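# Structural description and commentary
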Amino acid sequence: MLTRHIKLLGLLAATILSSGALAPSSASAADKITLMVGGLEKQIYLPFMLTQRLGYFKDEGLDVELLTEPSGVDAEDELLAGAVQGVGGFYDHCVDLQAKGKFVESVVQINQAPGEVELVSTKHPEIKSPADFKGTSLGVTGLGSSTNFLTQYLAVKYGVKLGEFTSVPVGAGDTFIAAMQQDKIQAGMTTEPTVSRMLKTGEARVLVDLRSMETTKAALGGTYPATALYMQTSWVEAHKTEAQKLANALVKTLRFINAHSADEIADKMPKEYLVGDREGYVKALADGKGMFTPDGVMPEGGPETVLAVLSGFSKNVKGKTIDLSKTYTTEFVKNVPKS
């Protein structure tokens, strides 16, 4: 009889556990958030790891896992599949996806300039502008990535048709450098610290510089908001508390960047991100700090520039009616406490 009672109690306990009655509360479970970033080591995405290193996610009661992918388009795919809750990637994906009937929005606008550079191999002095892209192989992080978007726009703007050059997915960092060294690409779009590494060795030169607001406006015709924390609109609407906490943490980091030197910021980053050249990393960051927004707010006129750029070459976007107000929100960043 006693044995039977023990068995019944065991079955009852198993039933309670499987039903979730003794599981963690839904509030604490919801606080585990996974963000995928299109290259955590890139300076354009620095605020994500910096927020983690400063402990700001934890201060908000969030358990944030940061994953990295070599290309923003891969991160976008993971978001749409529901494998991650948010992406550290370029805002232009929010516009491109709406044209495909999918609604994602920038929750925190991190960059107000792309931070990208079109580099040309010094083996190819004949390439003097994007007008010379015809017949070349051009490096991008991935097909369908923002580097691919911008490369295609620059080519078309300078009179080169999309079928007259080849976009080659080469990632960033060592893979990008190897592709240029081996002449698999004659030019390509990449970010810091890859840019400084190639300029230092003399293997490449700058063709188009999108690291500052001034040079970006000259090349693209206006402010081009780039890196953002973007999420599916449906998720944001259902998780406003978590979205606010994420905004609090990231805006606090943007304020930290604004108030500290590049040297102080570099001290907080993983040493491997400096790729053995701290001086070069710090200089590039000091020169590029202006690309970060001070408050996470979408810069005025930015979405219109992005739409104009995408409409300039993309059959997916050209002629489509895009509601830009649904591609970003300032609700959360404007509610971040001042102190």
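Right above here is the structure, for reference.
Residues numbered from 1 in each chain as written. Predicted model: local features only at pLDDT ≥ 70, side-chain atom pairs only at ≥ 80, totals over all residues. Heavy atoms only, no water.

### Focus on the overall build of the protein chain
Scanning the protein chain from terminus to terminus reveals 15 helices and 10 strands. Against the globule reference of 20 Å for 339 residues, the protein chain gives a C-alpha radius of gyration of 22 Å, in line with a compact fold. For the protein chain, buried positions account for 53% of its 339 residues. Here the analysis covers contacts within the protein chain between residues at least 6 apart in sequence; of these, 80% occur between residues at least 24 apart. Taken as two groups, the 34 positive and 39 negative side-chain charges of the protein chain have centres that lie 2 Å from each other. (Helix = DSSP H or I, 4+ residues; strand = E, 2+ residues; numbered from the N terminus. Rg over C-alpha atoms; globule rule 2.2 N^0.38 Å. Buried < 20%, exposed > 50% of the residue type's maximum accessible area, 1.4 Å probe, protein only. Contact = heavy atoms within 4.5 Å. Lys, Arg positive; Asp, Glu negative; His and termini not counted. Charge placed at Lys NZ, Arg CZ, Asp CG, Glu CD.)

### Examining helix H9 (residues 194–201)
Taken as a whole, H9 has its buried residues at Thr194, Val195 and Met198. Down the axis of H9, the buried side of the element spans an arc of 100 degrees, and every buried residue falls inside it. Looking at the buried residues of H9, the elements they touch are strand E5 (116–121), helix H8 (174–181), strand E8 (187–191) and strand E9 (204–210). Just downstream of H9 lies Gly202, where phi reads positive at about 80 degrees. (Arc of directions from axis to C-beta.)

### Considerations on the packing of helix H7 (residues 146–157) against helix H10 (residues 213–220)
For the pair H7 and H10, interaxial distance at closest approach is 11 Å and the crossing angle is 50 degrees. With respect to H10, the element H7 is oriented oblique. For the pair formed by H7 and H10, the contact residues are Leu150, Tyr153, Leu154 and Lys157 on the first element and Ala218, Ala219 and Leu220 on the second. (Axes fitted to C-alpha atoms, helices over the stretch in contact; angles between N-to-C directions. Parallel < 35°, antiparallel > 145°, perpendicular 65-115°, else oblique.)

### Focus on the pattern of salt bridges
Counted under the stated rule, the structure contains 12 salt bridges. Of the charged contacts in the structure, one is a salt bridge between Lys252 and Asp59, with a shortest N-O distance of 3.9 Å. One end of the pair, Lys252, is in helix H12 (residues 240–259); the other, Asp59, is in helix H4 (residues 56–59), with 193 residues separating them in the sequence. Glu192 is the salt-bridge partner of Arg211, the closest N and O atoms lying 2.9 Å from each other. Here Arg211, found in the loop between E9 and H10, pairs with Glu192, found in the loop between E8 and H9; they are 19 residues apart in sequence, far enough to count as distant. (Salt bridge = Lys/Arg side-chain N within 4 Å of Asp/Glu carboxyl O.)

### Some details on the side chain of Ser106
Relative to the elements of secondary structure, Ser106 occurs in strand E4 (residues 104–109). Taking the relative accessible area as the measure of exposure, Ser106 reaches 1% and is therefore buried.

### Looking at the sheet that holds strand E7 (residues 166–169)
Across the sheet, 5 strands lie side by side as E7-E6-E8-E5-E9; this open sheet has mixed pairing. Here the strands that pair on one side only, and so sit at the sheet edges, are E7 and E9. Mean inter-strand twist for the sheet, computed between neighbouring axes without regard to direction, equals 30 degrees. The pairing of strand E6 (residues 137–140) with E7 spans 4 bridges and is parallel. Each residue of the ladder has a partner; that of Ser137, found in E7, is Thr166. On top of the sheet, H8 reaches E5, E6, E8 and E9; it is set at about 160 degrees to E8, its chief contact. (Pairing = 2+ DSSP bridges.)

### A word on empty space enclosed by the protein
A full pass over the atoms with the stated rule returns 2 cavities of 30 Å³ or more. Within this model, the second largest cavity holds a volume of roughly 50 Å³. Its residues assigned to classes, the lining of the second largest cavity shows 3 nonpolar, 3 polar and 2 charged. (1 Å grid on protein atoms, 1.4 Å probe; cavity = no way out; pocket = protein on both sides within 12 Å on 5 of 7 lines; lining within 4 Å. Points joined across faces, edges and corners; volume = space filled by probe spheres on them. Nonpolar A, V, L, I, M, F, W, Y, C, P; charged D, E, K, R; others polar.)

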